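Next come the chains, spelled out residue by residue.
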Amino acid sequence: MSRTLLIRNATLLVTMDSGRREIAGGGVFIRDNVIEQVGKSGDLPNSADEILDLSGHVVLPGLVNTHHHMVQSLTRVLPAAQNGELFDWLTALYPVWARLQPDMIHASAQTAMAELILSGCTTSSDHLYIFPNGCRLDATIEAASQIGLRFHATRGSMSVGQSQGGLPPDSVVEAEDFILRDTRRLIETFHDPRPLAMTRVAVAPCSPFSVSQDLMRESVRLARAYKVGLHTHLAESETDIAYSIEKFGKTPAQYVEDLEFVGRDVWHAHCVKLDEAGIRLFARTGTGIAHCPCSNMRLASGIAPIRFMCDAGVNVGLGVDGSASNDSGHLLAEMRQAMLLQRVHSGPDAMTARQALEIATRGGAAVLGRDDIGHLAPGMAADIIAIDTRTIGFAGAGHDLVAALAFCTPANVAYSIINGRIIVREGQLASLDLGNIIERHNLMARRLVNG
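Residues numbered from 1 in each chain as written. Predicted model: local features only at pLDDT ≥ 70, side-chain atom pairs only at ≥ 80, totals over all residues. Heavy atoms only, no water.

A. Focus on the overall build of the chain. Helix and strand counts for the chain come out as 14 helices and 17 strands. Computed over the C-alpha atoms, the radius of gyration of the chain is 21 Å, within 12% of the 22 Å expected from 2.2 N^0.38 for a compact globule of 451 residues. Across its three principal axes, the chain shows a C-alpha extent of roughly 65 × 45 × 45 Å. Buried positions account for 61% of the 451 residues belonging to the chain. Long-range contacts, defined here as pairs at least 24 residues apart, represent 75% of the contacts in the chain between residues at least 6 apart. Total accessible area on the chain is roughly 16400 Å²; 50% of this is exposed by carbon and sulfur atoms. (Helix = DSSP H or I, 4+ residues; strand = E, 2+ residues; numbered from the N terminus. Rg over C-alpha atoms; globule rule 2.2 N^0.38 Å. Buried < 20%, exposed > 50% of the residue type's maximum accessible area, 1.4 Å probe, protein only. Contact = heavy atoms within 4.5 Å. Areas by Shrake-Rupley, 256 points an atom, 1.4 Å probe, with all protein chains shown as cover.)

Now the structure itself:
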């Protein structure tokens, strides 16, 4: 038996569809997990199994997070890692993460996902690349299923420790045969290639400074054999660039091009220092970029030239990055920061509010290789958020409520619908007990950091 849900009377419905329609008094009619109709409320059916009257709300597509390290929420604002650039920051945190236990993976994922959902995210990727003490990626996939988040789990890896010239300590790297074997297991067990899939798996060697060239090549072969996505960090900082030049005699862009680690099935995190030739390469091959402005500022990595990348035709999405290099997982706040930072970098008209929203919705969908999320239209996944604009943060902003989403104080959502299911209702997480999640998470964080 199908179930219907009707959203009506939205103060403004922001579709992000092909015409970028913004409909006053708009609504959406949903059957099961699919959008059936979008338009003026008076043109939609007047009955459904459940009706949400969203007067006073802006309704828009769910936001897409293309890069995260959810486990890092256990090590937010750790004193030893509050200051320092990327390599110093990692060196301070690797020994702490080496103490991770399987239950910590699950607890941190639930916390990170709850934070994302409350901030407007309906689809997220996660890059877990450290697996000590029996930890497995399965725990994050289970957490996503329980909370109701559409999820792209990436099986990360590190195989080159300090004794082989890499950055991570030898205690946290894995054997390459095991990495590839476990990645196959995860794809065969969890990856769903069908439209509207709630779970997909991608192959994600951590970075050029923590995995071998052989593992990078084998990861490409594996991903292409299974027709899944490929992901890694690239060109994040000056030290990252220096490592690539010293070890490989190539820029990061040249390195991944030689490995065939580019294409429409590939997205790279950060790319702050991607050179002009690399940007042209990414545009030509359809390679995506996960832009993480807060993390890039936190670690003093620099400002990615997103305006230039978008103008060149590169697919760009947003990523909150790890909660120990951002210390926040609020995707609407990340969207605001992306807009403001491009203005610092390239001038006051470098990015408009609507362009920032485009990156956070359609851009993220394109980066993850999805054509069923990121905008509201018949046949699309029923991933929809609603933000109450009658709050203090929006006072006086009724002149342009779309721009207010980026310019004003980042808000939490009043409603979040994911795959046709109401996950946030009247500002409260409906799928799980948030208080229990936070209490458990804080207990695990203390246990991890105190050893």
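B. A look at the pattern of salt bridges. For the structure shown, the criterion picks out 27 salt bridges. For E50, the salt bridge identified is with R425, shortest N-O distance 2.7 Å. Residue E50 is found in strand β4 (residues 50–53), and its partner R425 is found in strand β16 (residues 421–425); the two are separated by 375 residues along the sequence. Residue R155 is joined to D182 by a salt bridge in which the shortest nitrogen-to-oxygen separation is 3.1 Å. Here R155 is found in strand β8 (residues 150–157), whereas its partner D182 is found in helix α4 (residues 176–190), with 27 residues between them in sequence. You'll find R155 and D182 in the same group, each marked buried. Through salt bridges with shared partners, a single network forms among R136, D138, R155, E174, D182 and R185. (Salt bridge = Lys/Arg side-chain N within 4 Å of Asp/Glu carboxyl O.)

C. Fine view of unusual backbone geometry. Residue N133 is not a glycine yet carries a positive backbone phi of 55 degrees. Mapped onto the fold, N133 is located in the loop between β7 (121–128) and α3 (138–147). Here N133 falls in the partly exposed class, since its relative accessible area comes to 43%. At A300, a residue that is not glycine, the phi angle is positive and equals roughly 55 degrees. Tracing the backbone through its elements, the reader meets A300 in the loop between α9 (293–298) and α10 (306–312).

D. Seen up close, the state of the cysteines. Evaluation of the coordinates by the stated rule reveals zero disulfides. Free cysteine C271: the closest other cysteine sulfur is in C292, separated by 9.4 Å. (Disulfide = S-S within 2.5 Å.)

E. Region of the structure containing the packing of α4 against helix α5 (residues 213–226). α5 packs onto α4 with a crossing angle of 20 degrees between their chain directions and a minimal axis gap of 11 Å. By the criterion of interaxial angle, the relationship of α4 to α5 is roughly parallel. Classified by chirality, the crossing of α5 by α4 is right-handed. Counted together, E176, I179, L180, T183, R184, I187 and E188 of α4 and D214, L215, E218, S219, L222 and Y226 of α5 form the full contact between these two elements. (Axes fitted to C-alpha atoms, helices over the stretch in contact; angles between N-to-C directions. Parallel < 35°, antiparallel > 145°, perpendicular 65-115°, else oblique. Left-handed = near helix turned anticlockwise from the far one by under 90°.)

F. Just the packing of aromatic side chains, in detail. Taken as a whole, this structure holds six aromatic pairs when the rule is applied. When the ring of W89 is compared with that of W97, the centres are 5.8 Å apart and the planes differ by 75 degrees; the resulting orientation is edge-to-face. The same class applies to W89 as to W97, namely buried. With 6.2 Å between their ring centres and 75 degrees between their planes, Y243 and F248 make a pair best called edge-to-face. One cation-aromatic arrangement involves R155 over F131; the distance from NZ or CZ to the ring centre is 4.2 Å. (Phe/Tyr/Trp six-rings, centres within 6.5 Å; stacked < 30°, edge-to-face > 60°. Lys NZ or Arg CZ within 6 Å of the ring centre and 35° of its normal.)

G. Main features of the pairing of strand β3 (residues 34–40). In the sheet, strand β2 (residues 22–31) pairs with β3 via six bridges, with the strands oriented antiparallel. In the sheet register, V28 faces β3, and the bridge partner there is V38. Taking the residues that link successive antiparallel strands as the turn, the β2-β3 hairpin has two residues, and the phi of D32 there is positive, at about 60 degrees. (Pairing = 2+ DSSP bridges.)

H. Region of the structure containing helix α14 (residues 434–450). With 17 residues, α14 should reach 24 Å at 1.5 Å per residue; the first-to-last C-alpha distance of 24 Å fits that figure. For α14, every residue scored as buried is listed here: I437, H441, M444, A445 and L448. Considered in projection along α14, the buried side chains sweep an arc of 105 degrees and stay on one side of the axis. Exposed and oriented more than 90 degrees from the buried face of α14 are E439 and N450. Buried residues along α14 sit against α1 (86–97), α2 (102–118) and β17 (428–429). Sitting at the head of α14, D433 places a side-chain oxygen 3.0 Å from the backbone nitrogen of G435. G451, located one to two residues past α14, shows a positive phi value of around 75 degrees. (Expected span 1.5 Å × (residues − 1). Arc of directions from axis to C-beta. Polar contact = N/O pair within 3.5 Å; in protein donor to acceptor, adjacent residues only side chain to side chain.)

I. Expanded view of α5. The first and last C-alpha atoms of α5 sit 20 Å apart over 14 residues, in line with the 20 Å expected at 1.5 Å per residue. All of the buried residues in α5 are L215, M216, S219, V220, L222 and A223. On its buried face, α5 is in contact with β8, α4, β9 (199–205), β10 (230–234) and α7 (252–258).

J. Spotlight on the side chain of S301. Secondary-structure assignment places S301 in the loop between α9 and α10. When its relative accessible area of 4% is taken as the criterion, S301 is described as buried.

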